[in-house]
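For reference, the chains in residue letters:
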Amino acid sequence: MARLSMRSSDIKPSPVREMLNVSQRPGMISFAGGLPSPETFAGLDLPPPPRDLLQYGPTEGEPALRARIAEDLAALGLDTAPDRVMVLSGSQQGIDLAAKLVVDAGTTLAVESPAYLAALQVFRFYGARFEIIDRGAPGAGWADAPPSMAPPSMAYVIPTFQNPSGHCWTADERAAMAAACQAHEVILFEDDPYRDLVYEPCERRPVCAGLTSGSWIYQGSFSKTVAPGLRLGYLTASPDLFPLLVQLKQAADLHTNRLSQWMVLQYLNDPGRAARMDQVAALYRTKRDAFADALTRHLGNKASWALPPGGLFFWLTLADGVDVEALLKRCVERGVLFTPGSHFLAEGGASPTIRLNFSLAEPEAAERGLAVIGEALGEMARADERT
Ligand SMILES: Cc1ncc(COP(=O)(O)O)c(C=O)c1O
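Position labels on residues start from 1 in each chain and follow its written sequence. Only residues with pLDDT of at least 70 get local features here, since the model is predicted, and only at 80 or more are side-chain atom pairs given and counted; chain-wide, interface and lining totals rely on the full set of residues. Side-chain metrics rest on all non-hydrogen atoms present in the structure, leaving aside hydrogens and water.

*Asks:* I'd like a rundown of the side chain of Thr-256, residues and numbers included.
*Replies:* We count a stretch as a helix when DSSP gives it H or I for four or more residues in a row; a strand needs E for two or more, and each element gets its number in order from the N terminus. Here Thr-256 is to be found in the loop between helix H6 (242-253) and helix H7 (258-269). Accessibility here uses a 1.4 Å probe with only protein chains present; expressed as a share of the type maximum, an area under 20% marks a residue as buried, one over 50% as exposed, and anything in between as partly exposed. By relative accessible area, Thr-256 is classed as buried at 1%. Only heavy atoms enter the contact rule, under which two residues are in contact if any of them lie within 4.5 Å. Those residues in contact with Thr-256 that lie beyond four places of it in its chain are Val-87, Leu-88, Ser-89, Gln-93, Arg-231, Leu-232, Lys-249 and Gln-261.

What follows is the structure, given as structure tokens:
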């Protein structure tokens, strides 16, 4: 038998990647992944890229792209500079690098619950234990924790249009989180891939911009605004952490794909960029509103939800006791896929919640898919009444 590392002995497949395989079946209506609408993908009518990009490049990324990203991040109030920006092979890589930097077996991380499941998966892989963040009182208990229960090493948060809940933190919640991390020397890791997909006015100032000292990592992505297939994200970090993250990336993949970096730079320098982003947000706002109407028609008396002010997801709470896995099975048989909310819980366990992505399905398919979920829920409720 192959002798594997301890951490590989308990490795689990990502439920979302598994579901993506099911979603490829012909005719499947998928609300499961976080896939942007192909309608939003930036055009590819670009000049041929310079030939020297076929050579190895710097680990931190292409200098012109780093400078451009630094400019955008500084405008958000972050303390950064081009030499403290690193281009990532997708922001998923930033999660992996941060986990490698911070997590040993048994390390405590503060996370929201529900939280981005592929981040929880990485943190668990490296052996993290979770403490759940109370947004209303972040850091409660960190001050008077006994020495055996030191504050967490790092807090991982998605304050703007959270995946999966769609929630956007208030200014007070952001300030409290920054103050708690700073006071207790907890690394603040802010993941911000959805900030430009904004449909209602809300506070979006990065939490990291509220720090005046301490260690932090802030990351973003071009997956939701340009195209996920390019696999391009970026991070900036406090001066103590940045060089360590660069060294970890050196060991991971030497550097990010240079052709993708060049393509994204063309997009960022395009004078039509702001107008294009407005169009993308307008398209998603229309899709969100149509989805909300269809939800009301098909699940109005079977679930509750809040209208997401940005991002790509609705988070639904069903009646207590609904067997969500049984619901998913029924729906998949009828060609509809969604993600059970339990996958996003840091504490594990069952949950009468589901996450629905509204960006991918066409409105007519969304209508049919939601009707299927509503019918399946109705059948399950009637079967329960009979037993
Ligand atoms: C919160 C969050 N972080 C990170 C990622 C990874 O994005 P990517 O690697 O495509 O940049 C996602 C993808 O959906 C996400 O929702």
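*Asks:* How would you explain the site of the ligand if you had to name every residue and give the values?
*Replies:* Whether a residue is near a molecule or strand depends on its heavy atoms: it is near if one of them lies within 4 Å of it. Near the ligand, the surroundings consist of 13 residues, among which Asp-191, Tyr-194, Ser-221, Ser-223 and Arg-231 are the closest. By the criterion applied in these results, polar contacts are pairs of N or O atoms within 3.5 Å in which, for protein atoms, one can donate a hydrogen and the other can accept it, and in which residues neighboring in sequence qualify only through two side-chain atoms. Within the side chain of Ser-91, an N or O atom sits 2.7 Å from an oxygen atom of the ligand. One of the side-chain nitrogen or oxygen atoms of Asn-163 is found 2.8 Å away from an oxygen atom of the ligand. Residues were grouped as follows: Ala, Val, Leu, Ile, Met, Phe, Trp, Tyr, Cys and Pro as nonpolar; Asp, Glu, Lys and Arg as charged; and all remaining residues, including Gly, as polar. Of the residues belonging to the shell around the ligand, the class tally is 4 nonpolar, 6 polar and 3 charged.

*Asks:* Describe in detail the packing of helix H9 (residues 324-333) against helix H10 (residues 363-386), supporting the description with residues and values.
*Replies:* For helices, the fitted axis covers only the stretch in contact; all axes are lines through C-alpha atoms, and the angles between them, taken along N-to-C directions, range from 0 to 180 degrees. Relative to each other, H9 and H10 sit at 125°, their axes nearing to 10 Å. When the axis of H9 is compared with that of H10, the two are oblique. Relative to H10, H9 is oriented so that their crossing is right-handed. Contacts between H9 and H10 pair Ala-326, Leu-327, Arg-330 and Cys-331 from the former with Val-372, Ile-373, Ala-376, Leu-377, Glu-379 and Met-380 from the latter. Looking at the contact of H9 with H10, its residues break down into 8 nonpolar, no polar and 2 charged. Here the angle decides the label: under 35 degrees means roughly parallel, over 145 means roughly antiparallel, 65 to 115 means roughly perpendicular, and every other value means oblique. Here a crossing is taken to be left-handed if its near helix is turned anticlockwise relative to the far helix by less than a right angle, and right-handed if that turn runs clockwise.

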